[in-house]
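Each chain, letter by letter, is given below.
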Amino acid sequence: MGAEVPPVIQLQQATVRRGGATLWREVNLKIQPGEFVAVLGPNGVGKSTLLKVILGLIPLSQGSVQVLGSPARVGHPGIGYLPQRCTFPPDLPIRGQDLVGLSLEGNRWGVPIPFIRRLWCRGGQLKREQAWVREAIERVGAGAYASRRVGELSGGEQQRLLMAQALVTKPQILLLDEPFDSLDLANQQAMVALVRELSTASQITVLLVVHDLNPVLPYLDRVLYLAQGQALLGSPQEVITSETLSRLYGAPIDVLRTRDGRVVVVGQPDAYSSSSR
Amino acid sequence: MGEWLWSVNLMPTLPLVASGVVLPLDLQGLWTYHFMDNAFQAGVWVALVAGSVGYLMTLRGQSFAGHTLASVGFAGAAGANLLGWPLGLGLILATVGTALAMAGLGNSKDDQVAIGAVQAFAIGLGLLFLQLAPNYGPGAYSLLFGAVLGISDQDLQLLLGTTLATLGGLGTVGRPLLFASLAEDLAVARGVPVGLLSQIFLVLLAVAVAQAVQVVGVLLIFVLLAAPGAIAVQLTSRPAWGLLLSVVLAWAFSWVGLSAAYFWPYPAGFFITTCAFATYAVVRLLRWRRRPTKPDP
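Presented here is a report on the structure given in the accompanying data block. Being a predicted model, the structure only gives us computed values, none of them experimental.

Parameters and conventions
- Residues numbered from 1 in each chain as written.
- Chains lettered and ligands numbered in written order.
- Predicted model: local features only at pLDDT ≥ 70, side-chain atom pairs only at ≥ 80, totals over all residues.
- Heavy atoms only, no water.
- Helix = DSSP H or I, 4+ residues; strand = E, 2+ residues; numbered from the N terminus.
- Buried < 20%, exposed > 50% of the residue type's maximum accessible area, 1.4 Å probe, protein only.
- Contact = heavy atoms within 4.5 Å.
- Areas by Shrake-Rupley, 256 points an atom, 1.4 Å probe, with all protein chains shown as cover.
- Expected span 1.5 Å × (residues − 1).
- Bend = angle between axes of the 7 residues up to and from the residue.
- Core = buried A, V, L, I, M, F, W, Y, C linked by side-chain atoms within 4.5 Å.
- Pairing = 2+ DSSP bridges.
- Salt bridge = Lys/Arg side-chain N within 4 Å of Asp/Glu carboxyl O.
- Buried area = accessible area lost by both parts, 1.4 Å probe.
- Polar contact = N/O pair within 3.5 Å; in protein donor to acceptor, adjacent residues only side chain to side chain.
- Nonpolar A, V, L, I, M, F, W, Y, C, P; charged D, E, K, R; others polar.
- Patch = residues over 30% accessible without salt bridge, like charges linked within 9 Å, V, L, I, M, F, W, Y side chains within 5 Å.
- Axes fitted to C-alpha atoms, helices over the stretch in contact; angles between N-to-C directions.

### Regarding the overall build of chain B
In terms of helices and strands, chain B carries 13 helices and 0 strands. Each helix and strand of chain B, placed in order from N terminus to C terminus, yields the pattern α-α-α-α-α-α-α-α-α-α-α-α-α. Here chain B holds 297 residues, and 50% of them are scored as buried. Relative to all contacts within chain B whose residues are 6 or more apart in sequence, the contacts with residues 24 or more apart total 75%. Carbon and sulfur atoms provide 68% of the accessible area of chain B, an area that totals close to 13,400 Å².

And the structure:
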């Protein structure tokens, strides 16, 4: 065996409390470079919270979280993030490409007026940033509508631009929170295939929170199942079984596999905490 | 120039023709009076601040906060009038002080109700101060509808100072503020200090309100603060252009309004609001007609 690859994301004894309730307790997990992982679990179990912990937005009450070799911190350029239910009102006066651009440089002080910026910004940097924005937009195939108002675009088009803004910093980790929520089946499949391709081609680690496992099942390396304050990481065949889920919930759960390879989980109770964050 | 301070009827040298139409024979006359000179200068400074801050206010949907600050500014100015202080100073102390206090509040329903209560109380307080002051009538009139023709050299200095400070502030926080205003979730994840920026913006808004009240008064404040931004949002999808367009519109409205008030015997506030409303109506109409029935997929 060669030298062990250090994990991209590592949680040790991680405990999170939100508003007095403990969401999960002493969770340990390691995600390896280039892995494509779906995060599953009932509502309110803390799936989005997991992403926010990795982003450094929510502190752990105990334990530690290491991202790309250092403790999680807010604004890490190595992480691309697509938040849950991110939509734009129709008259928001901004083009798709501006949104992608803001994601690249919006955390820097100054004014977003190009000809003022040019006065003190070295030309090379400006050009490189514009190239990165174009590249991210091309990558997700949003070139045709990136110069239109983002609020006037369809749900699928907005979702692709949101994916472009997640990719614009050339991240090593993508955290996607229910990115297929508002999409029809054809768009869902196109997006999953795109994410998988990005993950394989650029060795990007992907954590994908999904409601429905089936559209992503053929593409997954592993699933992370959150329930009852615990986390279980493994291949879909290991984790999504009647025995494992019943043990995790402490209640009888049935996992049915249909002939065309789809998985149905029956008897899954919702988490008692009402917070979905 | 003190005798011009509360002058409503401004017809120094107006050549009226029989039909009642005014011929602006001598446009240079606009600049010969010191109070007109001051008014035009004030129009520029106020447009720079109200146009840019107002555009961001429109983006952030914070018109309510703008209104509250205007009401508090009314109380502050009325108080300053009572004490014999410069109105501009009373205005800016009251609005900035309130902005700092509001920054501690959130955007929840309870907080909105609390702000509404403060708003009503501030207007009541301003009413009391006005009643106590010796120049009740003209004082109230100028605060509610603006006294742009009564702007003194001292007021102008204060306006210039606050304009430079506000533009400096916007120049520093502009980009992250825009990001936070357009896509808060994304900005938070990229490490933008959203809470701090929102507090800074309230202070900038307070300065803009304090300035605009001096030109168009408490009641007409939105003509310089909201209308230019609302029009710019309709016309361009580029934030940088929108910001500049909003400033240019605020500037144009105030100058056209002032010029019209010089030639016709009606108040500047009326002409400024007419300009803004007409532009807004035309732009809405054009956009509505140009809009495709269904955006192509």
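### Quick word on helix α2 (residues 34-60) of chain B
Residue and element names in this part refer to chain B. Its 27 residues give α2 an end-to-end C-alpha distance of 38 Å, which sits within 8% of 39 Å, the value for a rise of 1.5 Å per residue. Of all bends in α2, the biggest is about 25°, found at valine 46. With respect to burial, α2 is a largely interior element, 19 of its 27 residues being buried. Just past α2, the residue glycine 61 takes up positive phi, approximately 65°.

### Examining the nonpolar core
Core analysis: the biggest nonpolar cluster contains 143 residues, and Val216, Tyr225 and Ile240 of chain A together with Leu205 and Leu224 of chain B have the highest contact counts within it. Discounting residues that sit within four places of it in the chain, isoleucine 240 of chain A has contacts with Leu40, Leu213, Val223, Tyr225, Val255, Arg257, Val263 and Val265 of chain A. Judged by nonpolar contacts, the second largest core, of 32 residues, contains Trp24, Val37, Val65 and Val209 of chain A.

### Here's the deal with the environment of proline 6 of chain A
Residue and element names in this part refer to chain A. Take proline 6: it is sitting in the segment before β1 (9-18). Measuring from C-alpha to C-alpha, the distance between proline 6 and valine 37 comes to 17 Å, with 31 residues separating the pair along the chain. Once residues within four sequence positions are removed from consideration, proline 6 is found in contact with Gln32 and Pro33.

### Considering the pairing of strand β11 (residues 254-257) of chain A
Where β11 of chain A and strand β12 (residues 263-266) of chain A come together, 4 bridges link them in antiparallel fashion. The residue of β12 of chain A that forms the bridge with leucine 256 of chain A is valine 264 of chain A.

### Focus: the pattern of salt bridges
Pairs may arise between side chains of opposite charge once their charged atoms sit close together. Counting across every chain of the model gives 8 salt bridges over all chains. Its salt-bridge partner being arginine 287 of chain B, residue glutamate 152 of chain A comes within 3.7 Å of it at the nearest N-O pair. One end of the pair, glutamate 152 of chain A, is in the loop between α4 (123-139) and α5 (155-167); the other, arginine 287 of chain B, is in helix α13 (residues 268-290), on a second chain. Note on glutamate 152 of chain A: relative accessible area 33%, which makes it partly exposed. Here arginine 287 of chain B falls in the buried class, since its relative accessible area comes to 16%. Taken together, the shared-partner salt bridges connect Glu105, Arg108 and Glu129 of chain A together with Arg175 of chain B into one network.

### Description of the interface of chain A and chain B
Contact with chain A, which involves 41 residues of that partner, is made by 37 residues of chain B. Interface of chain A and chain B: buried area, both sides summed, is about 3,100 Å²; carbon and sulfur atoms make up 63% of it. For chain A, the biggest contributors to the area lost against chain B are Pro93, Trp109 and Arg149 of chain A; these three give 21% of the whole. The interface formed by chain A and chain B contains 2 salt bridges. Applying the counting criterion to the chain A and chain B interface returns 15 residue pairs in polar contact (both at pLDDT 80 or more). Elements with a contribution of two residues or more to the side of chain A that touches chain B: β6 (79-82), α2 (96-105), α3 (114-120) and α5 of chain A. Partitioned by chemical class, the residues of the side of chain A that touches chain B number 21 nonpolar, 10 polar and 10 charged.

### Side note on the environment of leucine 143 of chain B
Residue and element names in this part refer to chain B. Here leucine 143 shows up in helix α6 (residues 136-145). Owing to a relative accessible area of 4%, leucine 143 belongs among the buried residues under this scheme. C-alpha separation for the pair leucine 143 and glutamine 214, spaced 71 residues apart in sequence, amounts to 7.3 Å. Setting aside its immediate chain neighbours within four residues, leucine 143 contacts Phe74, Ala77, Ala78, Leu87, Leu130, Val213, Gly217 and Val218.

### Things to note about the sheet that holds strand β2 (residues 21-31) of chain A
Residues and elements named next belong to chain A. Strand order in the open sheet formed by 4 strands is β2-β1-β4-β5, with antiparallel pairing between adjacent strands. Every other strand in the sheet has two partners, leaving β2 and β5 (70-71) as the edge strands with one partner each. One ladder, built from 7 bridges, connects β1 with β2; its direction is antiparallel. Residue pairing for β2: alanine 14 is matched across the bridge by valine 27.

### Notes on a nonpolar patch on the surface
All names here are of chain B. A cluster of nonpolar side chains, contributed by Leu82, Leu83, Trp85, Leu89, Leu93, Leu128 and Leu132, occupies part of the molecular surface with about 670 Å² of accessible area. Breaking the nonpolar patch down by element, the ones donating at least two residues are α3 (63-83), α4 (87-103) and α5 (109-132). Inspection of the secondary structure assignment puts leucine 128 in helix α5. When its relative accessible area of 44% is taken as the criterion, leucine 128 is described as partly exposed.

### With respect to the side chain of glutamine 62 of chain B
Residue and element names in this part refer to chain B. Within the element layout of this structure, glutamine 62 appears in the loop between α2 and α3. The class for glutamine 62 is buried, based on a relative accessible area of 17%. Polar contacts involving the side chain of glutamine 62 include one to the side chain of arginine 60, which spans 3.3 Å. Setting aside anything within four residues of it in sequence, one finds glutamine 62 in contact with Met57, Phe201 and Leu205.

### Points about the environment of serine 64 of chain A
Residue and element names in this part refer to chain A. Here serine 64 shows up in strand β4 (residues 62-67). Residue serine 64 is classed as partly exposed on the basis of its relative accessible area of 25%. Spatially, the C-alpha atoms of serine 64 and valine 53 are 10.0 Å apart, while their sequence positions differ by 11 residues. Beyond its immediate sequence surroundings of up to four residues, serine 64 is in contact with Gln10, Leu11 and Gln12.

### Here we look at the sheet that holds strand β8 (residues 205-209) of chain A
All names here are of chain A. Read from one edge to the other, the open sheet built from 6 strands follows the order β6-β7-β8-β3-β9-β10, with strand pairing classed as mixed. Of all strands in the sheet, those bounded by a partner on one side alone are β6 and β10 (230-234). The mean angle between the axes of side-by-side strands here comes to 15°, regardless of whether they run parallel or antiparallel. Where strand β7 (residues 173-177) lies against β8, 5 bridges are found, and the strand directions are parallel. Bridge pairing links aspartate 177 to valine 209 in β8. Packing of helix α6 (residues 185-202) onto the sheet brings it into contact with β3 (36-40), β7 and β8, and relative to β3 it is tilted by some 135°. Packing of helix α8 (residues 242-249) onto the sheet brings it into contact with β9 (222-227) and β10, and relative to β9 it is tilted by some 30°.

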